[in-house]
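# Remarks on the overall topology
If you want the building blocks of each chain, they are given just below.
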Amino acid sequence: MTDEPGSAEQSLYLAVVRAGGRLCPEELAPADRPTVAALVARGLLTPTATGYTAANPRALGDRLGAELRHRATRLLVHAERLPGALQPLSRAYEALHRPSVADGAGAVDTARLGGTGAAVRQCLSELLAGCKQEFLAARPGHHATEALRTALAQDLALLRRGCSMRTLHQPGALDDPAALRQVALRSGEGAEVRVLAEPYERVLVFDRSVAVIPAAEDRSRAAVVTDPTTIAYLVAQFERDWARATPADRNLRAPHPTTVRIGRLLARGLTQRAVATRLGLSERTVAAHIARLRDRYGARTLFHLGWHLRGERHG
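Residues numbered from 1 in each chain as written. Predicted model: local features only at pLDDT ≥ 70, side-chain atom pairs only at ≥ 80, totals over all residues. Heavy atoms only, no water.

## Observations concerning the side chain of Asp241
Under the convention used in this document: Put simply, DSSP H or I for four residues or longer makes a helix, DSSP E for two residues or longer makes a strand, and each gets a number counted from the N terminus. Polar contacts here mean pairs of N or O atoms no more than 3.5 Å apart (in protein, one a potential hydrogen donor and the other a potential acceptor; neighbouring residues in sequence count only if both atoms are side-chain atoms).
Along the chain, Asp241 turns up in helix 7 (residues 228–244). A polar contact of 3.2 Å, which involves the side chain of Asp241, links it to the side chain of Arg240.

This is the structure:
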């Protein structure tokens, strides 16, 4: 029996109330008898010597509310105890030897780690679930917004249990407003996000003890690395790139379409005056858009900006 009365029960109860709150057995149709039994079981009808009397639904609401609150409390207590109960199993699982690149056994097929199959998601999900202090991610290229949405719940869970999270993106990855919203959701929970327009390598590092890296130039294979020396090198590379990157706050608003057009023309080698002539804008207006692009990419000069834009266009 569900917590709330069904439509048939509600209709019969209302009919009893409209009839003065009393129901005589001879007024019942045979098809109504199961409904009457359900109302009696709920406490909405009380049997009497001459039939049935309607009871106050508030009493039912109070009783069911108390039961639901008690049930919710038991579930919360169970949820709090469950991780501790599973901890011995988790320790046994985490004690398993993880292959490393050094021993030649660390490369695994993309079907298991580097692709989009269930085994891939399971492997990365387990690493994220076991991460206790810090998660570092360098993610060059564009990212499917759907993949970001899929990972959101686990990323937020990681942040809310006190882990730090730092992620590097390339500027083009944040051009999609939906991707920007995903980044903003993580930033709102304390994640740090920076943008680096220079080329860099893909790597995920969990607690500075396990890393996932490409194991082939075309990224058709990947590797799980546990060798401390190798991981220290990967972390040093990440920190070097992180220091050169700019905060993603500047990218959390998608650029104006005119700014995008100006950027494309600059990437083709046009001067500021030529861009203004091509688009029918004043040089002052073009200069303002260029200033926003320089701020977005952290470019010190127009040449530096053009270098970043060409790199993104062809990257």
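## Re helix 1 (residues 7–18)
For an α-helix, the turn length of 3.6 residues means that residues three or four places apart are oriented alike. We apply this condition: Each helix should span, by expectation, one fewer than its residue count multiplied by 1.5 Å. With a 1.4 Å probe rolled over the protein chains alone, any residue whose accessible area is under 20% of its type maximum counts as buried; one over 50% counts as exposed, and the rest are partly exposed. By construction, the arc corresponds to the directions joining the helix axis to the C-beta atoms.
Counted at 1.5 Å a residue, the expected span for helix 1 with its 12 residues is 16 Å, and the 16 Å between its end C-alpha atoms agrees. Along helix 1, the residues classified as buried are Glu9, Leu12, Tyr13 and Val16. Considered in projection along helix 1, the buried side chains sweep an arc of 100° and stay on one side of the axis. The exposed set on the far side of helix 1, more than 90 degrees from its buried face, consists of Ser7 and Arg18. The positive-phi residue at the C-terminal boundary of helix 1 is Gly20, with phi of around 100°.

## Let's talk about the pattern of salt bridges
Selection criterion: Any Lys or Arg side-chain nitrogen located within 4 Å of an Asp or Glu carboxyl oxygen qualifies as a salt bridge.
Tallying each qualifying case throughout the model produces 12 salt bridges. Between Arg63 and Glu67 there is a salt bridge; the shortest N-O distance is 3.4 Å. With Arg63 and Glu67 both in helix 3 (residues 57–94) and four residues apart, the pair spans about one turn of that helix. Glu67 gets classed as partly exposed once you look at its relative accessible area, which sits at 37%. Ionic pairing is found between Glu239 and Arg166, a salt bridge with its closest N-O pair at 2.6 Å. Here Arg166 lies in strand 6 (residues 164–169) and Glu239 lies in helix 7, a separation of 73 residues in the sequence. When salt bridges with common partners are traced through the structure, they connect Glu134, Arg166, Arg208 and Glu239 into a single cluster.

## Description of helix 5 (residues 145–160)
Put simply, the test is: Two axes are fitted around each residue, one to the seven residues ending there and one to the seven starting there, and the angle between them is reported as the bend at that residue.
For helix 5, which comprises 16 residues, the first-to-last C-alpha distance of 22 Å matches the rise-based estimate of 22 Å (1.5 Å per residue) to within 8%. Where helix 5 bends most, the angle comes to about 45°, and this point is Leu152. All of the buried residues along helix 5 are Thr145, Leu148, Leu152, Asp155, Leu156, Leu158 and Leu159. Backbone geometry just downstream of helix 5 places Gly162 in the positive-phi region, at approximately 100°.

## Remarks on the packing of helix 5 against helix 6 (residues 177–187)
This is how it is decided: To obtain an axis, a line is fitted to C-alpha atoms, over the contacting stretch when the element is a helix, and the angle between two such axes runs from 0 to 180 degrees between their N-to-C directions. Roughly parallel here means an angle under 35 degrees, roughly antiparallel means over 145, roughly perpendicular means 65 to 115, and every remaining angle is called oblique. It only takes one pair of heavy atoms within 4.5 Å for two residues to be counted as in contact. Residue type decides the class: Asp, Glu, Lys and Arg count as charged, Ala, Val, Leu, Ile, Met, Phe, Trp, Tyr, Cys and Pro as nonpolar, and the leftover types, Gly among them, as polar.
For the pair helix 5 and helix 6, interaxial distance at closest approach is 10 Å and the crossing angle is 5°. Here helix 6 runs roughly parallel to helix 5, going by the angle between their axes. Only Ala178, Ala179, Gln182, Leu185 and Arg186 of helix 6 make contact with helix 5, whose side of the interface consists of Thr145, Leu148, Arg149, Ala151, Leu152, Asp155, Leu156 and Leu159. Residues that form the contact of helix 5 with helix 6 fall into these classes: eight nonpolar, two polar and three charged.

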